Amino acid sequence: MHLFSGFQARDWLLANDPALSRLRMALRVTLTIVFSFLVLLVIHIAFLPLPTAAFGLGIVLSIEGGVAVRDKGNSRQLVTRLFGCGASLAVVGIAAGLEDHRLLSDFVFLAVIALASAGRVFGPRGFAIGMFAFTSYFMGAYFRPPLAELPAVAIGPVVAVLVGHLVRTVLLPDDWRRDLLRSLESVSGRINQILFKLAVIAGAEIGEADRQELRQLEDRLKEVVLMAETFIPRPSAGVFDGAADPAAELAIRLFDAHLAAESAIVLSFQSPPPFALVHAVIEEDMAELERFEGMVDAVGDQPQGETVRALLWLGKARQQLTQAIGEGRASGFSEIDDSKDMVQSQAIDFSLANPLLRAALQITIASAIAMSFGLLLSRERWFWAVLASFLVFTNTNSRGDTAMRALSRSLGTVFGIAIGLVLATLISGEPDIAIPVAAVCIFLAFYFLQVSYASMTFFISIVLCLVYGMTGVLTLDLLKLRIGETMIGAAAGTAVAFIVFPTRTRGALDSALARWFQALRDLLGALGEGKSGFELMALSQKIDACYRDVTVAARPLGSSWSVVTRPGQIRQTLAIFLSCTYWARILAKSYEAPASDDNLNRLIAADLALIDDAAPRGSSCFLIKRKASRTTGRHLPLSREGARLGLEMIGSALERLYPQADVLPFAAGEAIARSKQG
């Protein structure tokens, strides 16, 4: 029973956290904080009394070491941590030296913020060192250690860096082979979820609720497939040389399983699958599958026959993926060479055309505004306002993204303080209870960080309340001040995002769409040049990644607070891009370079013409009110005409972007093209 529950828990974790990356990061942060605190406590009791600043820096840099250090490879991570530790000690020393000159210290803090933000142009290492420097100056100015205490204060960052590296390399190390295996298991699990849902609706009319659930399952599958693809080592050019490469074979199996599952969903919308066939696929009943294979030719090209073909395809792809997972468990993918999976360095753009440098200027101005208004509220606690203004720009692409993050931080702080105040009051004077509760909240904060920024802020606010309670400084006025300073910082960040170098949400969406259209144009151009195989597969995967960027950029437009447009229109337009992305993958799989095929060349030219017309219009397609799309009666290229049908369906999807626009309809364009030929 306990063993079964353990398997259930593991399946639940893999379903919600593919490769267990979120779990590992949360454990790393929590263990690093706990071990660093214990080491510092032992030093404090047995060897040398440590100032509070040493503990504060040790805890904060334990967090940064677990979240901000993103280099590949243990040696590179250690170098980044050591540089970060050096930057930390330097800025703490500066903050301590300027303690008697508070106005100058404030301006130096702004300079540190500017340099830390601009350091992101140097990639992951620059980002991590910048975060170490920012948080260290923050803590140095907050605790104000005397110059005489700096050697003791320095022990905190050193311990945090060393403990953090040991936790990451020894206790919870990175292992791409293990992560690849877990992500493949997650892909298999999500395919099973799709099959179980198809079994429920088999033989019945599919309702809108069932359609929505299947679309959600399809999105979840896409998410974990994209993750699994990142773990497969690739040549520097991104394209495999041939199918003999074990990594290439695995990439094909993953690609095929993803496409087969999507195809089964798409076709089931038109004709519900037979229950016996879905059950046979789930149970891998070979006799029953062979019986359906014998029947499929008799059914012909009717929708039911296409559904049967899709499920048979999914059954085979699922078996091949299961076989790959079994081989991976046995060998640990030892046959795959990861030495070629190298990151190519790129030239750094130091002009304001670089969005990272524009963001650095935005962060600095927002911090200056937050500092000014925060000082009016409190000369001692204004750092909270600067912290909020700095962090609301992290991982945002547009002013809409920044506004959503600022709102999330504000709400998380308010509700976290409310709950934290209750908890701290209930367990006041009970550190044996408060400390474990704080540790659990830290774990939950970083487990949900990648899912919900508001959740992370909520749990961190609870931790702060517990810490204030244990140190005897918890008051209602202090919590009100915390909320007020956070609101000031969030408001400053949002205002600057909308005024200084504003990246409109639609502007960010325009850029994402431009990349998506270019990726599709590259695929069609490669077809025209007669390319096939891995080159087309890599180009279709690029389209898939660009589609993900489009969904992220469009998210603020469809949020509940947005007055730009209705979320329904956003979903409808994204569905068109999703459809086109799907057919691009179908095309990449089905296309074999012919010696000469005028029909395919005409279809490629027609699709390129539609792209040339739609791409310059950017995100205006998201503002169009659409009617329900009509089906064409042709859906899946499971037979001979896959490439031609894929091109036609891409054209049909592109045509739906501007149904009322004065573009040449796809069918009419084809008719004219054929008349010119003859």
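Residues numbered from 1 in each chain as written. Predicted model: local features only at pLDDT ≥ 70, side-chain atom pairs only at ≥ 80, totals over all residues. Heavy atoms only, no water.

1. A few points about the nonpolar core
Within the largest apolar cluster, 104 residues are counted, with the highest numbers of intra-cluster contacts made by Trp516, Leu520, Phe622 and Leu654. Here this core gets 13 residues from one element, more than from any other, and that element is helix H11 (residues 246-270). In terms of nonpolar packing, the next biggest core, distinct from the first, is built from 75 residues, Ala116, Trp382, Val392 and Val496 among them. (Core = buried A, V, L, I, M, F, W, Y, C linked by side-chain atoms within 4.5 Å. Buried < 20%, exposed > 50% of the residue type's maximum accessible area, 1.4 Å probe, protein only. Helix = DSSP H or I, 4+ residues; strand = E, 2+ residues; numbered from the N terminus.)

2. Section: the environment of Thr32
Within the secondary structure layout, Thr32 lies in helix H2 (residues 21-46). Thr32 sits in the buried class, given a relative accessible area of 4%. In this structure the C-alpha to C-alpha distance between Thr32 and Arg168, which are 136 residues apart in sequence, comes to 8.9 Å. Among all residues touching Thr32, those that are not within four sequence positions of it are Ser62, Ala160, Val163, Gly164 and Val167. (Contact = heavy atoms within 4.5 Å.)

3. Considering empty space enclosed by the protein
Inspection of every chain in the model, using the stated rule, returns 3 cavities of 30 Å³ or more. The computed volume of the largest cavity comes to approximately 40 Å³. For the largest cavity, the full set of lining residues is Arg28, Val29, Thr32, Ser62, Gly65, Gly66, Arg81, Gly164, Val167 and Arg168. If you list the elements that add at least two residues to the lining of the largest cavity, you get H2, helix H3 (52-67) and helix H8 (155-171). The class makeup of the residues in the lining of the largest cavity is 2 nonpolar, 5 polar and 3 charged. (1 Å grid on protein atoms, 1.4 Å probe; cavity = no way out; pocket = protein on both sides within 12 Å on 5 of 7 lines; lining within 4 Å. Points joined across faces, edges and corners; volume = space filled by probe spheres on them. Nonpolar A, V, L, I, M, F, W, Y, C, P; charged D, E, K, R; others polar.)

4. Remarks on the packing of aromatic side chains
For the coordinates displayed, the defined rule picks out 20 aromatic pairs. Each ring, one from Phe458 and one from Phe459, has its centre 5.1 Å from the other, and the planes form 75 degrees; the classification is edge-to-face. We classify Phe458 as partly exposed; its relative accessible area is 22%. Overall, Phe459 belongs to the buried group, its relative accessible area being 14%. Taken together through their ring pairs, the aromatic side chains of Phe109, Phe134, Tyr137, Phe138, Tyr142, Phe143, Trp382, Phe383 and Phe390 make up a single cluster. The ring of Tyr453 is capped by Arg405, whose NZ or CZ atom sits 3.7 Å from the centre of that ring. Across from the ring centre of Tyr658, 4.8 Å away, lies the NZ or CZ of Arg617, which sits over that ring. (Phe/Tyr/Trp six-rings, centres within 6.5 Å; stacked < 30°, edge-to-face > 60°. Lys NZ or Arg CZ within 6 Å of the ring centre and 35° of its normal.)

5. A closer look at the pattern of salt bridges
This model, assessed by the stated rule, comprises 19 salt bridges. With a closest N to O distance of 3.5 Å, Asp179 and Arg178 form a salt bridge. Residue Asp179 is classed as buried on the basis of its relative accessible area of 5%. Close ionic contact of Lys197 with Asp210 constitutes a salt bridge, the shortest N to O distance being 2.9 Å. Residue Lys197 is found in helix H9 (residues 176-201), and its partner Asp210 is found in helix H10 (residues 208-231); the two are separated by 13 residues along the sequence. Assessed through its relative accessible area of 10%, Lys197 is described here as buried. (Salt bridge = Lys/Arg side-chain N within 4 Å of Asp/Glu carboxyl O.)

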